[in-house]
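If you want the building blocks of each chain, they are given just below.
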Amino acid sequence: MSDDEEVPQLSADTLAALSMFQAEQQKKFEDLKSGKIEKIDEDWQLSQFWYDDETSKKLVSEGIAAALKSAERPAKVGCVSSPTLVKFFHETEEYKTGQVQITLFEFDSRFGMKFPTEFVQYDYKQPTELPSDLIGKFDVIIADPPFLAAECLIKTAHSIRLLGKESVKVILCTGAIMEDYAARLMAMHRTSFEPKHSNNLANDFSCFANYQTITF
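In this text, all values refer to a predicted model and were calculated from it rather than measured experimentally. (Residues numbered from 1 in each chain as written. Predicted model: local features only at pLDDT ≥ 70, side-chain atom pairs only at ≥ 80, totals over all residues. Heavy atoms only, no water.)

Help me understand the nonpolar core in this model?
One recurring pattern in soluble globular proteins: nonpolar side chains tend to sit buried together. Counting residues in hydrophobic clusters, the biggest one holds 30 residues, and the most contacted among them are Leu 59, Leu 85, Phe 89, Leu 104 and Cys 207. Elements represented by at least two residues in this core include exactly helix H2 (53-67), strand S1 (75-80), helix H3 (85-90), strand S2 (100-106), strand S4 (138-143), strand S5 (164-175) and strand S7 (205-209). Broken down by element, the residue count for this core peaks at five residues, all from H2. Beyond its immediate sequence surroundings of up to four residues, Leu 85 is in contact with Tyr 51, Ser 56, Leu 59, Val 60, Cys 79 and Ile 142. Core analysis: the second largest hydrophobic core is formed by 23 residues, Val 120, Ala 157, Val 170 and Met 186 among them. (Core = buried A, V, L, I, M, F, W, Y, C linked by side-chain atoms within 4.5 Å. Buried < 20%, exposed > 50% of the residue type's maximum accessible area, 1.4 Å probe, protein only. Helix = DSSP H or I, 4+ residues; strand = E, 2+ residues; numbered from the N terminus. Contact = heavy atoms within 4.5 Å.)

Here's what the structure looks like:
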């Protein structure tokens, strides 16, 4: 660009709108940190579709029942790409009394502000980029890979194998079309439980496990 050319300038209205948007985003971040915002909205660009409350409670109940089979206390539960379950774990007596400990592996940093002590930044595309002190530590892992694609499940399964103990119990929620991959990758079977979403996904969704489930 020559010295004679003018640098494009935003109009006063555009600058005002941008400033307002930035202020709104900053307020949302502050409200998340302070706990004023209870629910984080779905971001469809991240393929986020939240469970309904009944599904969340059932998954948490099963996760706790499976975790308490471990002799270790606190039993360690990992939530991989299933961020909305953390709130429901927090409501349980087992969590409040320290019988179970939760770690969330999640891409969306908003949950890092909401659950700062339990959040680990996670990208399924980088399945081995995990904190070394968490390798082989988990009694139970509940996973919900964000995309119905073989690559996504294969890489998520790699992370699960790294994070879990040798006897790890795994609960996987994903599309029914992924059943063969779940069986081959993690020796999982389809359970009778059918997860539901608050916004009624069109895809046939299923729950798989690599052990005999206790509550469903």
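Read on for the rest.
It is not clear to me how the packing of aromatic side chains should be interpreted in this structure. Could you clarify?
Here the distance between the centres and the angle between the planes together describe a pair of aromatic rings. Here the structure, examined in full by the defined rule, presents four aromatic pairs. Aromatic pair Phe 105 and Phe 138: ring centres 5.6 Å apart, planes at 75°, arrangement edge-to-face. You can see Phe 105 sitting in strand S2 and its partner Phe 138 sitting in strand S4, a full 33 residues away along the chain. Judged by its relative accessible area of 0%, Phe 105 is buried. Using a relative accessible area of 1% as the deciding quantity, one classes Phe 138 as buried. Positioned above the aromatic ring of Phe 88 is the side chain of Lys 87, whose terminal nitrogen or guanidinium carbon lies 4.4 Å from the ring centre. Directly above the aromatic system of Tyr 181 lies the positively charged group of Arg 184, at a separation of 4.9 Å from the ring centroid. (Phe/Tyr/Trp six-rings, centres within 6.5 Å; stacked < 30°, edge-to-face > 60°. Lys NZ or Arg CZ within 6 Å of the ring centre and 35° of its normal.)

Quick question: what am I supposed to make of H2 here?
Counting along an α-helix, one turn takes 3.6 residues, and residues three or four places apart therefore face a common direction. Its 15 residues place the ends of H2 21 Å apart at the C-alpha level, agreeing with the 21 Å of an ideal helix rising 1.5 Å per residue. Residues of H2 that are buried include every one of Thr 55, Ser 56, Leu 59, Val 60, Glu 62, Gly 63, Ile 64, Ala 65, Ala 66 and Ala 67, and no others. (Expected span 1.5 Å × (residues − 1).)

So what exactly am I meant to see when it comes to the pattern of salt bridges here?
Opposite charge on two side chains allows them to pair when their charged atoms are near. Taken as a whole and judged by the stated rule, the model has 10 salt bridges. The partner of Glu 54 in a salt bridge is Lys 58, with the nearest N and O atoms 3.3 Å apart. Of this pair, Glu 54 and Lys 58 are both found in helix H2, four residues apart, which corresponds to roughly one turn of the helix. Here Lys 58 falls in the partly exposed class, since its relative accessible area comes to 37%. The salt bridge involving Glu 179 is made with Arg 190; its shortest N-O contact spans 3.6 Å. Within this pair, whereas Glu 179 is found in helix H7 (residues 179-186), its partner Arg 190 is found in strand S6 (residues 189-190), the two being separated by 11 residues in sequence. Residue classification places Arg 190 among the partly exposed residues on the basis of a relative accessible area of 36%. (Salt bridge = Lys/Arg side-chain N within 4 Å of Asp/Glu carboxyl O.)

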